[in-house]
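Each chain, written out:
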Amino acid sequence: MIKSVLVANRGEIARRVFATCRQLGIGTVAVYTDPDAASPHVAEADARVRLEGRNGYLDAHQLITAARAAGADAIHPGYGFLSENPEFAAAVLDAGLTWIGPPVAAVAAMGSKIEAKKMMAAAGVPVLDELDPDTVTAEQLPVLIKASAGGGGRGMRVVRELSELPAQVAAASREAASAFGDPTVFCERYLATGHHVEVQVLADEHSTVWAVGERECSIQRRHQKIIEEAPSPLVERTPGMRAKLFDAARLAATAIGYTGAGTVEFMAAPDGSEGGSFFFLEMNTRLQVEHPVTEATTGLDLVELQLHVADGGRLDAEPPPSRGYSIEARLYAEDPAKGWQPQAGTVHRFDVPRHVRVDSGIADGSTVSVFYDPMIAKVISYAPARRQAAGVLADALARTRIHGVRTNRDLLVNVLRHPAFLDGATDTAFFDTHGLAELAAPLADKCAVALSAVAAALADAARNRQTATVFAAAPSGWRNLASGYQTKWYTDPAGGEHEVRYRFPRTGLDLPGHDDVAVVSAQPERVVLSVNGVEHPYDVARYGDQIFVDSPLGPVHLVALPRFPEPDTAVAQGSLLAPMPGSVLRVGAAVGDTVTAGQPLIWLEAMKMEHTVTALSDGVLAELNVEAGQQVDVGDVLARVDTEGAARQ
């Protein structure tokens, strides 16, 4: 009987496993690295053990030593890191601990996607042929490079030009090594459109194998899922497809003697036009990020069942039937409008409405680190009908208070409200088909942003009066005689500037440019404005010069500008700024070199992904302020390209 579980992971999944352990009366042990010392998963565990180095989650010896030291008798790997590493699974068992996962042989068989494809083909499961990167020809393009030892979009690249293949293979290999400790990559034919459909399987040691419903995960960015749902809209409208998928998934699990929870992933033909045909992609020998949608539609606790099977327990002969619809949205600290650039920093506030499920790795005051995956939370809805589930989730996300680090929240809401999504037209080319720029647009329109700036100015004025030491009862900026306006300036993330001018004469509030706006009330943290007789509340939170305004019109982030800017804050023309915090992997030019527009100059690593900083124009590299291994913050000046120098040459 398992008595104490160490979760060899971090953040959201560690908290998820701990929650079930608490319900079962099982003790919990957390591990953490220095960047995660203040993480909520550390605080929630019964015991916690510090790991040496930022890559401690990939150190099997440290993890097993931590389990022994804390008295844990079982290890749950979570997902990512070492969750699909057969050497780790074997080491856990060799240490006399219970491995909450499938047999070592099954992990080994599926842990290499290359070998997994061969095994599934031999078992009669349809597969996409594996291609050796060294032998790919122009006729086989485009191809998808994939990491053999892991997933989550790490080590994945689409290559359409043969000349680009060697460099892309090298970059993918570096990412795979950083994320999974194994640089092995392979290629397969790239299907630009299709449906990513997967089957949740669960098996015990007594020959019972469940296919516990399917999920569709076709809404992806950079080959990583961001919206998942159960059941699949494609499967729902394709007769006979579910039975075929379930048979293939059970066949895959049986072929390798699988036990525990796992997921068999398939790529299905576009819109089911080929009679529901599909190809095996991979089998994940672990719990999936998107497992909550299966839990919501079946009533199962998959973590509890993992523990049950690991303890030798039996499953019922058949799984419970699925009912209703569930959709999960992954909340990432990233900027979709800027090439999905990962973001890092402090989350001042994170508050999600209570009518949805939230699996989160953060809390108010948490820091999103540059060293790990940028996913900060999963928000999950459930409803009897799919459109209702989408509407509930979109509304919850729109009302969520996220202050601090930038996220993909607005994009998620726009996708969930898009007519194509609501119609179930959710193939893997969704962003290409419907336009990333439109889907990444802010929820608040220009009018809402302008009104939010007014609310921010009036909240600031109310705060000034609240803290005033003399004549506190007078409105901010009040004069006995008519005088000039008070003026405040703000910028928004889109680069817009907002000037708010106001004064308080005897008649109330004078707000030039906003003749249709009246102030109902103004407090430091809440302002109510009336526009043409319709009132809306604006909740205003300020953290230094960062201002977050939440209203029914949409969330708005503003930056307060000083009245008298410092002259030395201006950035020289031609400067290349760090788009995100990260570590410099390498530099591609030296001071004095002639460079061309679009030429890669600096490679950054952030959150286990590589990002390239390129020259914005032709010129001469006049400054280079970084070197390999250096840590940089967002906005740091990395280099400067002198265009005039190039003209003189």
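Keep in mind it's a predicted model, so treat the numbers as computed, not measured.

Draft legend 1. Local environment of the side chain of Glu188. Relative to the assigned elements, Glu188 resides in strand β9 (residues 185-189). Within polar-contact distance, the side chain of Glu188 engages the side chain of Lys146 at 3.4 Å.

Draft legend 2. Examining the packing of aromatic side chains more closely. Under the counting rule described, the total for this entry stands at 10 aromatic pairs. A connected cluster of aromatic rings, assembled from ring pairs, spans Tyr57, Phe81 and Tyr372. For Arg221, the ring lying beneath its charged end belongs to Tyr332, and the centroid distance is 4.3 Å. Directly above the aromatic system of Phe421 lies the positively charged group of Arg386, at a separation of 4.6 Å from the ring centroid.

Draft legend 3. Geometry of the pairing of strand β31 (residues 582-587). Two strands pair when backbone bridges link them, and β31 and strand β36 (residues 631-632) are joined in this way by 2 bridges, in the antiparallel orientation. Bridged to Ser583 within β36 is Gln631. For β31 and strand β33 (residues 600-606), the ladder comprises 4 bridges, and the chain directions are antiparallel. Bridge pairing links Ser583 to Glu605 in β33.

Draft legend 4. Spatial organisation of the pattern of salt bridges. Tallied over the entire structure, the rule returns 41 salt bridges. Lys225 is the partner of Glu265 in a salt bridge, and the nearest nitrogen-oxygen pair spans 2.8 Å. Here Lys225 lies in strand β12 (residues 224-230) and Glu265 lies in strand β13 (residues 260-268), a separation of 40 residues in the sequence. The exposure classification of Glu265 matches that of Lys225, with both residues buried. The residue Arg409 makes a salt bridge to Asp410 at a minimum N-O spacing of 3.1 Å. Using a relative accessible area of 5% as the deciding quantity, one classes Arg409 as buried. Taking relative accessible area as the criterion, Asp410 reaches 15% and is therefore assigned buried. The network of salt bridges with shared partners includes Glu12, Arg16, Glu295, Asp301, Arg357, Asp359 and Lys378.

Draft legend 5. Region of interest: the nonpolar core. Val5, Ile227, Val415 and Phe421 are the most contacted members of the largest nonpolar core, which has 68 residues in total. Ranked by residues supplied to this core, first place goes to helix α12 (residues 386-399) with 6 residues. Excluding anything up to four places from it in sequence, Val415 contacts Ile219, Ile227, Phe421, Phe430, Phe431 and Leu439. If you look at the next biggest cluster of nonpolar residues, it comprises 28 residues, including Ala248, Ala249, Ala253 and Phe278.

Reading the values: rules and limits
Residues numbered from 1 in each chain as written. Predicted model: local features only at pLDDT ≥ 70, side-chain atom pairs only at ≥ 80, totals over all residues. Heavy atoms only, no water. Helix = DSSP H or I, 4+ residues; strand = E, 2+ residues; numbered from the N terminus. Polar contact = N/O pair within 3.5 Å; in protein donor to acceptor, adjacent residues only side chain to side chain. Phe/Tyr/Trp six-rings, centres within 6.5 Å; stacked < 30°, edge-to-face > 60°. Lys NZ or Arg CZ within 6 Å of the ring centre and 35° of its normal. Pairing = 2+ DSSP bridges. Salt bridge = Lys/Arg side-chain N within 4 Å of Asp/Glu carboxyl O. Buried < 20%, exposed > 50% of the residue type's maximum accessible area, 1.4 Å probe, protein only. Core = buried A, V, L, I, M, F, W, Y, C linked by side-chain atoms within 4.5 Å. Contact = heavy atoms within 4.5 Å.

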